[in-house]
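Chain by chain, the residues:
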Amino acid sequence: MGSFKSIGLNRMLWLWFGFGMGVMFTLVLQSAAWMPNHAQHHMHKRDIKATTRATSSSNLTDTMNQFGDPGDGRDFIARDEYLLSYSRRDRVPSWTFEHLTAQSLVAGQGVNRSNSAFKEDPAIMSIFRSLLADYSGSGYDRGHTAPAGDAVATQEAMDQTFFLSNMSPQVGVGFNRQYWAYLENFVRSLTGTFSDVYVYTGPAFIPQKSGTTFTMSYPVLNGNTAVPTHFYKVLLVPHGSGYASAAFLLPNQKIDSSTALTSFKVDVQVIEKASGLVFFSKLSSLDDLCSLTTCTVTK
Ligand SMILES: *[C@@H]1O[C@H](CO)[C@@H](O)[C@H](O)[C@H]1NC(C)=O
Ligand SMILES: *[C@@H]1O[C@H](CO)[C@@H](O)[C@H](O)[C@H]1NC(C)=O
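In the nomenclature of an unreviewed UniProt entry, the protein chain is known as Endonuclease of Hesseltinella vesiculosa. Listed in UniProt under the heading Sequence similarities (unreviewed entry), the comment for the protein chain reads: "Belongs to the DNA/RNA non-specific endonuclease family."

Encoded structure:
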């Protein structure tokens, strides 16, 4: 008898429980039905988060890290012949770094840039990738930041320079195909004089002054990839017991090939101020590279 009674009680509880669940389920379905998809998604995500909610806020870093550090908008990628810091916002590099020597510029057997193809970079999250469609029909060249001509040791190394994460939109005629290419040649030629040539290359975004007002204005290809106003190269070579350096900042426009390279020479701080980067923070004093060798470009 006793066990029968308790079974009856359990059954009743189960009935009530089932009824309650049914009502709740119907309410949830009804409330969810009229909600837009993203709101349902949001509700679901918040439910998950709530199970791991912060209990202490004594350390603000720890508190934030429970939710996720938004990061600084950069991707760092190491490849065979260059390092890359990629700006997710602009979809162009913020800098590349290379180490050139006479030996590193000896072309490997069969290495040929016509074997390489431009490609989107799967190492970048898809929403931050620079796309082939951005450049297509834009009128801008896909300008290498770390040049293909510096990565000649293997076909694989050269192919890696063709990721769009290493590209910036460059004016083609008179810049990417001429003056900028001459500058790349000059940098390679330094390996004939110096045992090591270290090169930082990147785009710059420089405000333009009109009257008393500075504004930043540049096209954004396909609403995705920013067109830099300028490009820089910061060079470093060993000299004596220390180093020598030179920095060049060029506008992203047709440049007459007779223009002196030294007319684009700037104090490295000009590039630092525009970019937020700091070069050679571990080096104390630097000699002027252009007082040791002729800084000039030839066609
Ligand atoms: C807070 O936590 C972070 C990460 O655990 C730690 O690096 C930092 O030193 C802490 N700060 C303080 C003030 O305790
Ligand atoms: C590279 O390949 C192209 C096309 O196949 C060819 O015309 C060219 O001669 C090659 N260059 C070298 C240096 O082998």
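Once the structure has been displayed, the description carries forward.
With that settled, consider the UniProt feature "active site" (unreviewed entry) in the protein chain. Taking the numbering used here, the UniProt-annotated feature "active site" (unreviewed entry) corresponds to His144. Within the fold, His144 resides in strand β4 (residues 141-144). The buried category is assigned to His144, whose relative accessible area is 6%. His144 has contacts with Arg113, Phe118, Thr161, Phe162, Asn166, Met167, Trp180 and Glu184, leaving out every residue within four places of it along the chain. One polar contact links the side chain of His144 to the main-chain carbonyl oxygen of Thr161, over a distance of 3.4 Å.

Time to look at the pattern of salt bridges. One pass over the full model with this rule turns up six salt bridges. With a shortest N-O distance of 2.9 Å, Arg79 and Asp121 are connected by a salt bridge. Of the two residues, Arg79 sits in the loop between β1 (74-78) and β2 (83-87) while Asp121 sits in the loop between β3 (92-100) and α4 (132-135), which places them 42 residues apart along the sequence. Between Arg177 and Asp141 there is a salt bridge whose closest N-O contact spans 2.7 Å.

For the rest of this paragraph, the subject is unusual backbone geometry. Trans is the prevailing form of peptide bonds, just as negative phi is the prevailing case for residues other than glycine. The backbone of Asn222 sits at a positive phi, close to 60 degrees, despite the residue not being glycine. Note on placement: Asn222 falls in the loop between β9 (220-221) and β10 (225-226). With a phi close to 60 degrees, Phe280 is a non-glycine residue in the positive phi region.

Procedures and definitions
- Residues numbered from 1 in each chain as written.
- Chains lettered and ligands numbered in written order.
- Predicted model: local features only at pLDDT ≥ 70, side-chain atom pairs only at ≥ 80, totals over all residues.
- Heavy atoms only, no water.
- UniProt positions renumbered as here; feature names shortened; annotations may be inferred.
- Helix = DSSP H or I, 4+ residues; strand = E, 2+ residues; numbered from the N terminus.
- Buried < 20%, exposed > 50% of the residue type's maximum accessible area, 1.4 Å probe, protein only.
- Contact = heavy atoms within 4.5 Å.
- Polar contact = N/O pair within 3.5 Å; in protein donor to acceptor, adjacent residues only side chain to side chain.
- Salt bridge = Lys/Arg side-chain N within 4 Å of Asp/Glu carboxyl O.

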